Amino acid sequence: MSKTMSKTMSGPILKVDKVGKTFVQGVHQVEALADISFSVMAGECFAVVGESGSGKSTLANLILGIYPPTTGTISYAGEPLPAKRQLVHRRAIQLVQQNPLSALNPKRTIGASLRLALDVHGIGAPSERRDIVGGLLEEVGLPAEFASRAPAALSGGQRQRVSIARALACQSALLVLDEPTSALDVLVQARVLKLLEKLRRKHNLTYIFITHDLCVVRNIADRVAVFEKGRLIELAATETLFTRPQTPYTRALISAVPVVSEEEERLRQRLGEPQNAIG
Amino acid sequence: MTALVLEIINLNLSFARHGEQTAVLHDVCLSIARGERVALVGESGSGKSVTARIVLGLLGELASARITGEIRFEGQDLGALSPAGRHALRGTKMSMIFQDPTSSLNPAYTIGAQFHEVLRRGAPKISAKAAKERAGAMLAGISMDQPDRVLGSYPFQLSGGMNQRVMIAMALANTPSLLIADEPGTALDVTVQAQTLKLMRELVEDNGTAVLFITHNIGVVREFADRVYVLYRGRIVEKGATHAVLTDARHPYTRALLAAVPRLTGGGIADIGEETDVFAAPMFDHGPGAEARP
Amino acid sequence: MRRTLAILVGNPLSLLGLFLVGIVIFSAVFADFIAPFPEHRGAVVDFANFNQPPAWPNIFGTDLVGRDLFSRILYAYRISLVLGVVVLSIATPIGVIVGLVAGYVGGKTEYVLMRITDVFLSIPPLVLAMAIMGVLEPTLTNGMLAVTSMWWPWYARLVYNLTRSEKEEGYVLAAEVIGASRAYIIFREILPNCVPAIITKMTLDFGFVIIIASSLSFLGLGVQPPTPDLGSMVAGGASYLPDSWWLTLFPALAILIAVFGFNLIGDALREILGADQ
């Protein structure tokens, strides 16, 4: 395997094959994910949608190698990922988290947090890394001087931009975006989503976009996988899913979304009233 | 008796920090008629939650807060009331629902015991038996299965959605004339949130309860509110009937806010500039909407 | 920095703490210059002046062999401070490392380390120290060893709990995903977030170490005569109460001043460092 995993290719960049995850809690076994299979194509934005308990966070952790799957395999660029990830695997897949407050170490500067990725993976000569950090900050729309600031001096949206810059620092081809905008205000959300779209085009990135927000999915994803209680129940191109959802659960999800316009209301009406059962 | 349940007149709030005064609210005026559902919408830090706390009288104890202006509840000046008087209002004529239902309920007591406590605020002499009957009837009224089992349960034994329903039933148990709901259901899944909103809407309609609905979600405003006030950095920038504001937004901030919401019908992510100077434009008032009921 | 000063100056108790600790440190460092009878720190006998109540030049009175109590207290401070510094500078790193490793690594490592810690914590501190001092010779070095062995588990517990909660923070996950080593995550990411709590505890503990050391000497297990020690002075004087009250009162006051001062500073630090987070 080369030092950086190949990232120019046309086939699936990530293949999840019959993956299941069961957690053992004392005498109980909790099945968080069961028999999940799907492929993510290079350069696409693949959305993973579900409510709490759907297993979407477990899926993110499996892809990132935080813990190994109980059954099945996850392959990156055609090669199965081992249970214990090497540096080369870490570098290939990076993460943007939901909570911008906790994702940056409060005791370290923005620059130190960004530099970590460069140091670990030996990106650039040590003397150049300062400039690389500045370049990363500018790439996400922040001034390079922010490198010397503490996270506490930044707004939520700015911190989330730093998290994105950190994920870019590894020059990964695949980013797992775990609810990257759900903690942000709506104006900030729009700007961050716009930035994510721009970066994807510019660096030919692949996104696995994990969220509960269907409105965001509709506007940013190429394909959508709907998860319910640890199972993948529907997988379709975004346009298809929002016009002809196949499962009652997906219909219920879409029609439960609070909307702001008449046009959206008509779409919702067409897909039926939300179900009345309490989950 | 006046037709207005709540009237906020020129409310100003500032905090003293490190010897400086930081203004949080600027001349906020807001009124709610009997049985009317009014939304106060804004981003984090806009001052919407703090407004709710002032109305509830939960901020006055902070020594660093300076509040001026007038708040009238059913024609009565709340500023003239003693702390005990305001305490007596809370949970009886004025009640509240908060964001996270599970942490708003006390984990050490059963739902039934907490219901009894709530009912006792309205009717101090109510017996445990009568309280249980009334609570059971209320839970059954919100189509909750097995109300007796729910009353015997502790909050952590119920799902978030059930706790939210219990909270709503409790908040309306003493038939308040004003319900203050601070981002109810934001911590819940969308399907559960949609059901609780629907339930809340039905209940306040039946009881003729007025609602001050605090939220950041414009979609929820559209589903729930008759009128809306848009709050930006402690200033009301636009107000009017919900339909008018959402279909014909005039203030630059409201327009940006509406543009920034991703649509279920697609159309891409809006390009929202970093420019915020235009948001300082004066308030736009759509006038009293047809929905404003006497 | 300005805020730190504002808190210290704004709170009269913090100022008092600074003042008291200042006195203690000043006395210990400059004992040679302040003490009217520096030679009385050792085995000196002056029967002409034995057991005298406070009077000039012996402002705190004299002990049973005629030594100046004031001078002996100044030198006793020196030993107490050395003891506190040595004990904490050994116990703290041991406890901190045990707590960090157990809290972050988890699994069997956590089980073994924390059970060892629990064993130490389950023995009453004074009993443990007495057992060690009973087996070993009662010298200053062994006294420090005894106090250290009972002190580190408290740091292990504190840092273990802090690490467990820091581990759940997103920045730790981010460092893991980037591929940073365990040692890096433990010492560069998690440890800095534990430092404020550790420093606060060290300051508060300084007073307690002095008390425990004094308790050991009080029981005859600590620093041995003729070296001056506050605990042994209190113990020695206790049999002559209430007639020779100064033998007990002044050493006891000296302990009180030191412990009280360090506690006040600890409280102030808790406010200053805690608010920074």
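Residues numbered from 1 in each chain as written. Chains lettered and ligands numbered in written order. Predicted model: local features only at pLDDT ≥ 70, side-chain atom pairs only at ≥ 80, totals over all residues. Heavy atoms only, no water.

Observations regarding the nonpolar core
Worth spelling out the cut-off: Think of a nonpolar core as a cluster: buried Ala, Val, Leu, Ile, Met, Phe, Trp, Tyr and Cys residues, connected wherever their side-chain atoms sit within 4.5 Å. Only protein chains enter the accessibility calculation, which uses a 1.4 Å probe. A residue is then buried if its area is under 20% of the maximum for its type, exposed if over 50%, and partly exposed in between. Secondary structure elements follow DSSP: runs of H or I of four or more residues count as helices, runs of E of two or more count as strands, with numbering from the N terminus. Pairs of residues are marked as contacts when any of their non-hydrogen atoms sit within 4.5 Å.
Counting residues in hydrophobic clusters, the biggest one holds 177 residues, and the most contacted among them are Phe115 of chain B together with Trp151 of chain C. Among the elements that take part in this core, helix H4 (residues 69-105) of chain C stands out by supplying 13 residues, more than any other. Excluding residues that lie within four positions of it along the chain, phenylalanine 115 of chain B makes contacts with Ala135, Met138, Leu139, Leu151, Ala169, Met170 and Ala173 of chain B. Ranked by size, the runner-up nonpolar core spans 33 residues in total, among them Val28, Ala52, Val55 and Ala210 of chain B.

Some words on the packing of aromatic side chains
Quick note on the threshold: Here a pair means two rings of Phe, Tyr or Trp (six-membered ring of Trp) with centres within 6.5 Å. Their orientation is stacked below 30 degrees between planes, edge-to-face above 60, and tilted elsewhere.
The tally for this structure, following the rule as stated, stands at 15 aromatic pairs over all chains. Summarising the aromatic geometry, the rings of tyrosine 253 of chain B and phenylalanine 279 of chain B are spaced 5.2 Å apart at their centres and angled 80° between planes, so their arrangement reads as edge-to-face. With tyrosine 253 of chain B in helix H11 (residues 252-260) and phenylalanine 279 of chain B in the loop between H11 and strand S11 (284-285), this pair connects stretches of sequence that are 26 residues apart. Taken as a pair, tyrosine 253 of chain B and phenylalanine 279 of chain B share a single burial class, namely buried. A ring pair is formed by phenylalanine 206 of chain C and phenylalanine 262 of chain C, whose centres lie 4.4 Å apart and whose planes are at 25°; its orientation type is stacked. Separated by 56 residues along the polypeptide, phenylalanine 206 of chain C in helix H9 (residues 182-218) and phenylalanine 262 of chain C in helix H11 (residues 246-276) bring together distant segments of the chain. The pair phenylalanine 206 of chain C / phenylalanine 262 of chain C is uniform in exposure class, with both members buried.

Digging into the environment of leucine 195 of chain A
Residues and elements named next belong to chain A. Considering the arrangement of structural elements, one finds leucine 195 in helix H6 (residues 186-203). Separated by 34 residues in sequence, leucine 195 and arginine 161 have C-alpha atoms that sit 8.7 Å apart. Residues in contact with leucine 195, not counting those within four places in the same chain, are Glu139, Val140, Arg161 and Ile164.

A few points about the sheet that holds strand S7 (residues 174-178) of chain A
Residues and elements named next belong to chain A. The cut-off we apply is this: The criterion for strand pairing is that DSSP finds at least two bridges linking the strands in question. Every axis corresponds to a line fitted to the C-alpha atoms, with the helix fit spanning only the stretch in contact, and the corresponding angles, defined between N-to-C directions, vary from 0 to 180 degrees.
Strands sit in the order S6-S7-S8-S3-S9-S10 across an open sheet of 6 strands; the sheet is mixed. Only two strands of the sheet have a single partner each, and these edge strands are strand S6 (93-96) and strand S10 (231-237). With strand direction ignored, the average angle separating the axes of adjacent strands in the sheet is 20°. Seen against the sheet, H6 touches strand S3 (45-49), S7 and strand S8 (206-211) and runs at an angle of roughly 155° to S8.

A word on the domain arrangement of chain A
All names here are of chain A. Just so we agree on the cut-off: Per the annotation, domain bounds derive from an automatic or database assignment of domains. Two parts placed together each lose some accessible area under a 1.4 Å probe, and adding up what both lose gives the buried area. Throughout this description, the term salt bridge denotes a Lys or Arg side-chain nitrogen within 4 Å of a carboxyl oxygen of Asp or Glu.
Looking at chain A, the domain boundaries give domain 1 (12-244) and domain 2 (245-279). On a C-alpha basis, the centroid separation for the pair domain 1 and domain 2 is 27 Å. Facing 14 residues of domain 1, the contacting portion of domain 2 comprises 11 residues. Interface area, domain 1 with domain 2, both sides summed: about 1,100 Å², of which 64% is carbon and sulfur. The largest contributions to the domain 1 side of the interface with domain 2 come from Leu214, Glu234 and Phe242, which together make up 35% of the buried area. Linking domain 1 with domain 2 are 0 salt bridges, by the criterion used here.

Quick word on the pairing of S8 of chain A
On a regular strand, each side chain points to the face opposite its neighbour's, so the side chains alternate between the two faces of the sheet. Residues and elements named next belong to chain A. Defined as follows: Orient the strands so they point away from the viewer, and a crossover whose first-strand-to-second-strand path over the helix runs clockwise is right-handed.
For S8, the tally of buried residues reaches 6 of 6 residues, placing the bulk of the element in the interior. On S8, burial covers both faces: Thr206, Ile208 and Ile210 on one face and Tyr207, Phe209 and Thr211 on the other are all buried. Across 5 bridges, the pairing between S3 and S8 is parallel. Bridge pairing links alanine 47 to phenylalanine 209 in S8. In the sheet, S7 pairs with S8 via 5 bridges, with the strands oriented parallel. Bridging from a neighbouring strand, leucine 177 pairs with phenylalanine 209 of S8. Viewed along the sheet, the connection from S7 through H6 into S8 turns out right-handed.

Structural notes on the state of the cysteines
Just so we agree on the cut-off: We call a pair of cysteine sulfur atoms a disulfide when they lie within 2.5 Å.
Applying the stated criterion across every chain, the model contains 0 disulfides over all chains. With no disulfide of its own, cysteine 45 of chain A has cysteine 215 of chain A as its nearest cysteine by sulfur position, at a separation of 15 Å.

A word on the interface of chain B and chain A
A common way to express how large an interface is: the accessible area buried when the components associate. Inclusion rule: Under this grouping Gly is polar, as are all residues other than the nonpolar Ala, Val, Leu, Ile, Met, Phe, Trp, Tyr, Cys and Pro and the charged Asp, Glu, Lys and Arg.
Taken residue by residue, the interface counts 39 residues in chain B and 38 residues in chain A. Together chain B and chain A conceal approximately 3,600 Å² of surface at their shared face, both sides included; 59% is due to carbon and sulfur atoms. It is Arg222, Leu264 and Ile269 of chain B in chain B that bury the most area against chain A; as a group they hold 24% of the surface buried on that side. Residues arginine 268 of chain A and glutamate 223 of chain B are paired through a salt bridge, measuring 3.0 Å at the closest nitrogen-oxygen approach. Elements with a contribution of two residues or more to the side of chain B that touches chain A: helix H7 (160-171), helix H8 (190-207), helix H9 (218-224), helix H10 (242-247) and H11 of chain B. The residue makeup of the side of chain B that touches chain A, split by class, is 18 nonpolar, 12 polar and 9 charged.

A look at the environment of serine 232 of chain C
Residues and elements named next belong to chain C. For serine 232, the position within the fold is in helix H10 (residues 230-238). In the structure, serine 232 is positioned 156 residues away from alanine 76 in sequence and 10.0 Å away in space, judged by C-alpha atoms. Ignoring sequence-local partners within four residues, the contact set of serine 232 consists of Ser217, Phe218 and Val223.

Re a nonpolar patch on the surface
Residue and element names in this part refer to chain C. Here is the rule we go by: Two joining distances apply to patches: 9 Å for like charges and 5 Å for nonpolar side chains (Val, Leu, Ile, Met, Phe, Trp, Tyr), and every residue must have over 30% relative accessible area and no salt bridge. To measure how exposed things are, a 1.4 Å probe is used in the Shrake-Rupley method; for residues, cover is taken only from the protein chains shown.
A surface patch of nonpolar side chains, amounting to about 910 Å² of accessible area, comprises Leu13, Leu16, Phe19, Ile23, Leu241, Trp245, Leu249, Leu253, Leu256 and Phe260. Of all the elements in the fold, those that place two or more residues in the nonpolar patch are helix H2 (12-29) and H11. The residue isoleucine 23 is located in helix H2 in this model.

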